[in-house]
Amino acid sequence: FISGLITSRMVGGITTNLLSSVFETWVDTEYRRRGFDKNEYELVMRDSVVVSNLAAIASGYLAHGLAERMGPVGPFKGAVTCTAIAFAVVAVMWTENYGSEEPGQKSTFAYLSDAVQTFRSDSKVLRVGIVQGL
């Protein structure tokens, strides 16, 4: 039982870190790839934070309404429904970027290999990652 709780907490920490960094990395890459004005970059990042916070507030109201209407399982059913809708939207509309396609640039696998090598060579980096994930 306790090992399941610890594992779920570690996975939750990892996904929270990804939630905080993956979107910003994607926006940054797409912004540069499409050649948008560099002066507006700060506005895009600011607006993404504002929209994210508003979405969190709206999610709280939605969860409360679902709990009142459907009981304690209502918010969980709502989360599954929202996840399914988001999955469908991403599957249909999302254009993926894999970084630079120029010759001489590293592949995604090469970056992952470098990360694993860094974890192996310096245990401090791995420990900081584990603590951050918790």
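The preceding data block contains the structure.
My aim in this report is to walk through the structure given alongside it, one point at a time.

Conventions adopted
All chains use their own residue numbering, which begins from 1 and follows the written sequence. Owing to the predicted nature of the model, reporting of local features is limited to residues with pLDDT of at least 70; listing and counting of side-chain atom pairs is limited to 80 or more, with chain, interface and lining totals taken over all residues. Excluding hydrogens and water, the side-chain values take into account all heavy atoms of the structure. Here a helix means four or more residues in a row that DSSP labels H or I, a strand means two or more in a row labelled E, and each is numbered from the N terminus. Atoms considered for the radius of gyration are the C-alpha atoms alone. The globule rule reads 2.2 Å times the number of residues to the power 0.38. Exposure classes here rest on a 1.4 Å probe applied to the protein chains alone. A residue is buried below 20% of its type maximum, exposed above 50%, and partly exposed in between. Whether two aromatic rings pair depends on their centres lying within 6.5 Å, for rings of Phe, Tyr and Trp, where Trp uses its six-membered ring; planes under 30 degrees apart make the pair stacked, over 60 edge-to-face, and the rest tilted.

Some words on the overall build of the chain
So, point 1. A count of helices and strands for the chain gives five helices and zero strands.
So, point 2. Helices and strands appear in the chain in the N-to-C order α-α-α-α-α.
So, point 3. The C-alpha radius of gyration computed for the chain amounts to 19 Å, which surpasses the reference 14 Å derived for 134 residues by more than 25%, pointing to a less compact arrangement than a globule.
So, point 4. Seen along its three principal axes, the alpha-carbon backbone of the chain occupies a region of about 55 × 45 × 25 Å.
So, point 5. In the chain, buried positions account for 10% of the 134 residues.

Some points on the packing of aromatic side chains
We describe a pair of aromatic rings using the distance from one ring centre to the other and the angle between the two ring planes.
So, point 1. All chains considered together, the criterion is met by three aromatic pairs.
So, point 2. Where Phe23 meets Trp26, the ring centres are 6.1 Å apart and the plane angle is 35°; that geometry is what we call tilted. Of this pair, Phe23 and Trp26 both sit in helix H1 (residues 2–34), three residues apart, which is roughly one turn of that helix.
So, point 3. Residue class for Phe23 comes out partly exposed when judged on its relative accessible area of 40%.
So, point 4. Taking the centre distance of 5.1 Å and the plane angle of 70° together, the rings of Tyr31 and Tyr41 count as edge-to-face. Here Tyr41 lies in helix H2 (residues 41–70) and Tyr31 lies in helix H1, a separation of ten residues in the sequence.

In short, geometric facts, not functional conclusions.
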